[in-house]
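# Structural features, examined
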Amino acid sequence: MTAPIPDTASDRSLLPAAVLWDMDGTLVDTEPYWMASEEELVSSFGGTWTHDDALLLVGQGLWTSAEILRSHGVDMEADAIVSWLTDRVQQKLDTEGVPWRPGARELLSSLRERGVRTALVTMSVRRMAEQVVAHIPFDAFDLIVSGDEVEHPKPHPEPYLRAADLLGVDPRDAVAIEDSLVGLASAVASGAMAIGVPHIVPIPESDGHTIWTTLDGRTADDIAAVVAARTQTPKA
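In short, a report on the structure. (Residues numbered from 1 in each chain as written. Predicted model: local features only at pLDDT ≥ 70, side-chain atom pairs only at ≥ 80, totals over all residues. Heavy atoms only, no water.)

## Quick look at the packing of aromatic side chains
- Following the criterion strictly, the structure yields zero aromatic pairs and no others.
- The aromatic ring of W212 is capped on one face by R218, whose charged end is 4.1 Å from the ring centroid. (Phe/Tyr/Trp six-rings, centres within 6.5 Å; stacked < 30°, edge-to-face > 60°. Lys NZ or Arg CZ within 6 Å of the ring centre and 35° of its normal.)

## Remarks on the sheet that holds strand 2 (residues 117-121)
- Taken in spatial order, the six strands line up as 3-2-1-4-5-6 in an open sheet, and their pairing is parallel. Each edge of the open sheet carries a strand with a single partner, namely strand 3 (143-145) and strand 6 (209-211). Sheet twist, expressed as the mean angle between neighbouring strand axes with direction ignored, is 25 degrees.
- Across four bridges, strand 1 (residues 18-21) lies against strand 2 in parallel orientation. Note on strand 2: the bridge partner recorded for W21 is L120.
- Helix 6 (residues 104-113) rests against strand 1, strand 2 and strand 4 (174-178) of the sheet, and its axis sits at about 155 degrees to strand 1.
- Relative to strand 5 (residues 193-196), helix 9 (residues 181-190) is tilted by about 165 degrees, and along the sheet it contacts strand 4, strand 5 and strand 6. (Pairing = 2+ DSSP bridges. Helix = DSSP H or I, 4+ residues; strand = E, 2+ residues; numbered from the N terminus. Axes fitted to C-alpha atoms, helices over the stretch in contact; angles between N-to-C directions. Contact = heavy atoms within 4.5 Å.)

## Quick notes on the packing of helix 8 (residues 158-167) against helix 9
- The contact between helix 8 and helix 9 brings their axes to 7 Å, and the two run at 50 degrees. The orientation of helix 8 relative to helix 9 falls into the category oblique. Crossing handedness for the pair helix 8 and helix 9: right-handed. The residues of helix 9 that touch helix 8, namely those facing P159, Y160 and L161, are G183, S186, A187 and S190.
- Residues that form the contact of helix 8 with helix 9 fall into these classes: four nonpolar, three polar and no charged. (Parallel < 35°, antiparallel > 145°, perpendicular 65-115°, else oblique. Left-handed = near helix turned anticlockwise from the far one by under 90°. Nonpolar A, V, L, I, M, F, W, Y, C, P; charged D, E, K, R; others polar.)

## Re helix 9
- Of the positions making up helix 9, those classed as buried are V182, G183, L184, S186, A187 and S190.
- Here the buried face of helix 9 lies against helix 8, strand 4, strand 5 and strand 6.
- A positive backbone phi angle near 100 degrees is found at G191, which sits one or two residues after helix 9. (Buried < 20%, exposed > 50% of the residue type's maximum accessible area, 1.4 Å probe, protein only.)

## Re the nonpolar core
- Ranked by internal contacts, the top residues of the largest apolar core, which has 56 residues, are W21, L27, L120, F141, I177 and I223.
- Split by domain, the residues of this core number at least three in each of domain 1 (18-29 + 100-232) and domain 2 (31-96).
- Look past the residues within four positions of L120 in its chain and what remains in contact with it is W21, D22, M23, L27, A129, V133, F141, L143, I144 and V145.
- Membership of the second largest hydrophobic core comes to 20 residues, among which are L20, Y160, L184 and A187. (Core = buried A, V, L, I, M, F, W, Y, C linked by side-chain atoms within 4.5 Å. Domains from an automatic or database assignment.)

## Looking at the pattern of salt bridges
- On inspection of all chains with the given rule, the structure shows 13 salt bridges.
- R70 is the salt-bridge partner of E67, the closest N and O atoms lying 3.2 Å from each other. In this pair, E67 and R70 both sit in helix 4 (residues 62-71), three residues apart, roughly one turn of the helix.
- Judged by its relative accessible area of 42%, E67 is partly exposed. (Salt bridge = Lys/Arg side-chain N within 4 Å of Asp/Glu carboxyl O.)

Next up, the structure:
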């Protein structure tokens, strides 16, 4: 997949080398699907799974989440838990639809129209990421980095470093968009300029990232403004 060529060199110089997107909670509002599936699984083994329990898994790698579920009585191997949960969420995507986050597809389209390279950096497995991306009616991403393709999940920087490497860009010249503290920790540790868009879990103010309350109404020009601000005020 290749992004369109930007109109002018000056237009392109205002923008980052790439924008790296989280998926669950940032591009799509699938966290309720995951939470319902987790509760269903724990309950099937006679356990109790609360909303607070589910919040601990937001942004975590699936195999990390699987171990937490095992500690709540789910008597399955981690790989089997990941497969079961992914199947259930994919079924919900098919039957209940893909719940897009406000403004996400529009911002993606704006970036692609301006020639910005993009990657989807998700801790979900590739088959689910591809299912979501297939519902976007334009060439949205140059590549996908998924949770089953990295050794160290978020909050480790590996997922974002891998995406930048595959795109051939310096992560310090990229912007990452995330909805969780776990994801932001990964993005910031990679050196990327990070934008936090709180959803299920609140995100505190920090010099290490920029906070937007929503992606609704945002365009490539807003991304360029973040780059300008972060470049003028280097991260500590």
